Amino acid sequence: MVFTRRPAAVLTAIVAACAMAISLTACTTDANSQDTADDQTTVTSSAPGVVAMFTPSDGITLNQQTPLNKWAKLTPNLTKALTSAGFKKGDISHTTSDSLDKQSRAIQDYVVNHLSGSNTTDDAGIVISPDNITLLVAPVVEADASTRQYGDYVSQELSTADTAEGSDSTDSSDSSNSSDSSDSSTGSDSTDDSSSDASKTVGDSKNAAQAEAVDRLVSSLKLAKESGMHVVLMGNSIKGYKPDAFVRFSDAQAIGKLQAEKIVSKLELSKASKDNPKYIEVLMPYTAVDESGEASDSTFAQEAFRGIWQVLGAYYQKGVVESPSGTLNGNSTEDDWQSVAYDASKEGSTAKVLDARLAKADEHASPTRIDGIIAMNDYIASEVVTELDDLGYTGSAADINPQITISGIVGNITGKKDLSRSDVPDPIKSPEKDDSADSTDSADTQDDSTATDKTDKTKDSQWPLVTGYGAYVSNIPSIVNGKQWMTGIEDRQTLAENIAEACALLNKGQTLTSMSSVRNTEVGGKKKVPTISGPLLAVSASNLKATLIDPGYISLADAGL
């Protein structure tokens, strides 16, 4: 009887199992396959899966001047793009951290919890398979005050413990040499020595904590990858670590190059001559000393100048571009960044530097002629605009193209009419170097001289092109009225769409070779890393509506309209 009942019992069990499978399928309509173990159900879904974002907390607010290049601005674009790519809102998480220590712990907890199965998506115990999870990580990297003025996306490299240890040993050596020098000198102050030792102790403790946080972050990301999760680093790379993909935002060279290229185009430097050169000044702000009193890393300033010189260098060498202050000339090289650099952390430093560079011959002379000023970022650009006004420069960038008026710009932005443009007449020879009038009679020569003098003074006091970067909301009205000619910004929406597409492909086990925005580059010393990137957007009054207002980055009110 036992044997006759066993087939019936087995059949009953099979029917019950099928019913349970159907029930589970109804609850998880997106599931293609399921594996049951230890009362947990791991779902491998045809849907994109899960994305966990980890970004730094926004750390820039300078006198209410706020750039658009902020993590808080990007994450809503990312969330929207991910949902458009098929991700469910409940499968998208976002964690912000104000330090690498906190961020590394948050990532560690996330990875461990998901691998242990303690972090479930619902009460039914359904968890997502690791290979359906992508971590979007923007490592927290400390930046000095000058670098933060460019916004949150400026790409930097996070040093690993090996690099930090090398730095520490150098510091120790320098400290030892300094100590030896101090011992050999007379009248040394023991109080200063104690203060120095205390500062060193604090510095060593900070470096040790940073190294520990880096190790924790790298270990967590490696564990995630080993378990099948995908790791996409955004903005900041990690030395020696190879992610599944990297999102490259703006870097120092790209920011400098963008502004130089726009200056070249607007001033038509290809048509300039030695007899009538263009006058351009480059301002390179940087922080000379950090909060602890140690020399700051000047890599950003060096790379930014390298990007500028790759574009403008040839024009200085030809003699068709000159620096009124003489800081740059035909013999300058891309290594001469210090010629134009200054410590921007000091109050009023930009105004002081610009005043010295554009100094008048005497108090009765007209302003020094200047055609363009590369200010590097919008914070510095706003200070340049104020100082130019104080120095007596008049007009705006709109005057460089006479057929574009302020009213025309406003009309274009508000959608009332299109802008018309025409080339700016600019003689190959400057009036003061033109000897064609030598054969005229003295009366005509005197009249011409008077007219030329007036023209020269007007030209000398003409408002120059002022460039910046970051699209500070507070600077937008200055762009509209032509006081600041251009700024730059990341194409956030396009980048967000490309990142979302990459996450979907990775979670489905596919490569990123089909994406036109991806190419293999070296990241953190590792070669052939799929890298998502896009060109920076140059914004001026003529395209402000299309680049900032229409996409919803700013409102008409932000533009002062």
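In short, a report on the structure. Please read these numbers as outputs of a predicted model, since none were measured by experiment. (Residues numbered from 1 in each chain as written. Predicted model: local features only at pLDDT ≥ 70, side-chain atom pairs only at ≥ 80, totals over all residues. Heavy atoms only, no water.)

Observations regarding the overall build of the protein chain
Per the secondary structure count, the protein chain includes 15 helices and 20 strands. Going through the 561 residues of the protein chain one by one, you find that 44% of them count as buried. Put simply, of all contacts in the protein chain between residues at least 6 apart along the chain, 74% involve residues at least 24 apart. Looking at the protein chain as shown, the accessible area adds up to about 27500 Å², and 48% of this sits on carbon and sulfur atoms. (Helix = DSSP H or I, 4+ residues; strand = E, 2+ residues; numbered from the N terminus. Buried < 20%, exposed > 50% of the residue type's maximum accessible area, 1.4 Å probe, protein only. Contact = heavy atoms within 4.5 Å. Areas by Shrake-Rupley, 256 points an atom, 1.4 Å probe, with all protein chains shown as cover.)

Some points on the packing of aromatic side chains
A full pass over the atoms with the stated rule returns 8 aromatic pairs. A ring pair is formed by Phe305 and Trp309, whose centres lie 5.8 Å apart and whose planes are at 20°; its orientation type is stacked. Of this pair, Phe305 and Trp309 both sit in helix α8 (residues 299–318), separated by 4 residues, roughly a single helical turn. Looking at Phe305, the relative accessible area reads 0%, which means it is buried. The buried category is assigned to Trp309, whose relative accessible area is 7%. Positioned above the aromatic ring of Tyr315, the side-chain terminus of Lys318 is 5.7 Å from the ring centre. If you follow Lys483 out to its NZ or CZ, it ends over the ring of Trp463, 4.0 Å from the centre. (Phe/Tyr/Trp six-rings, centres within 6.5 Å; stacked < 30°, edge-to-face > 60°. Lys NZ or Arg CZ within 6 Å of the ring centre and 35° of its normal.)

Quick look at the side chain of Arg216
Position of Arg216 relative to the elements: it lies in helix α6 (residues 190–227). There is a polar contact of 3.3 Å between the side chain of Arg216 and the side chain of Asp101. With sequence-adjacent residues up to four places away left out, Arg216 is seen in contact with Asp101, Ser104, Arg105 and Gln108. (Polar contact = N/O pair within 3.5 Å; in protein donor to acceptor, adjacent residues only side chain to side chain.)

Observations concerning the packing of helix α9 (residues 349–357) against helix α10 (residues 378–390)
α10 packs onto α9 with a crossing angle of 50° between their chain directions and a minimal axis gap of 9 Å. By the criterion of interaxial angle, the relationship of α9 to α10 is oblique. The chirality of how α9 crosses α10 is right-handed. On α10, the residues that touch Thr350, Ala351, Leu354 and Asp355 of α9 are Ile380, Glu383, Val384, Glu387 and Leu388. A class-by-class count of the residues in the contact of α9 with α10 yields 5 nonpolar, 1 polar and 3 charged. (Axes fitted to C-alpha atoms, helices over the stretch in contact; angles between N-to-C directions. Parallel < 35°, antiparallel > 145°, perpendicular 65-115°, else oblique. Left-handed = near helix turned anticlockwise from the far one by under 90°. Nonpolar A, V, L, I, M, F, W, Y, C, P; charged D, E, K, R; others polar.)

Concerning the pattern of salt bridges
Inspection of every chain in the model, using the stated rule, returns 12 salt bridges. Measuring nitrogen to oxygen at the nearest pair gives 3.3 Å for the salt bridge that ties Arg216 to Asp101. With Arg216 in helix α6 and Asp101 in helix α3 (residues 100–116), this residue pair connects regions lying 115 residues apart in the sequence. Between Arg369 and Asp371 there is a salt bridge; the shortest N-O distance is 3.6 Å. Taking the relative accessible area as the measure of exposure, Arg369 reaches 12% and is therefore buried. (Salt bridge = Lys/Arg side-chain N within 4 Å of Asp/Glu carboxyl O.)

Section: the sheet that holds strand β4 (residues 92–97)
Overall, mixed pairing links the 7 strands, which are arranged β4-β3-β6-β8-β10-β19-β18 in an open sheet. In the strand order of this sheet, the two ends are held by β4 and β18 (518–523), each with one partner. Adjacent strand axes in the sheet meet at a mean angle of 30°, parallel and antiparallel pairs treated alike. Across 3 bridges, strand β8 (residues 230–234) lies against strand β10 (residues 245–247) in parallel orientation. The partner of Met234 across the bridge, within β10, is Val247. Against the sheet, helix α14 (residues 492–507) engages β3 (50–56), β6 (133–137), β8, β10 and β19 (526–532), with an angle of about 145° to β6. (Pairing = 2+ DSSP bridges.)

Considerations on unusual backbone geometry
Of note, the phi angle at Met376 is positive, near 75°, even though the residue is not glycine. By the element assignment, Met376 lies in the loop between β15 (372–374) and α10. Judged by relative accessible area, Met376 falls into the buried class, the value being 0%. Not every positive phi belongs to a glycine, and Ala471 is a case in point at roughly 50°.

Brief notes about the environment of Leu233
Tracing the sequence through the fold places Leu233 in strand β8. Along the backbone, Leu233 and Arg248 are 15 residues apart, and their C-alpha atoms lie at a distance of 8.8 Å.

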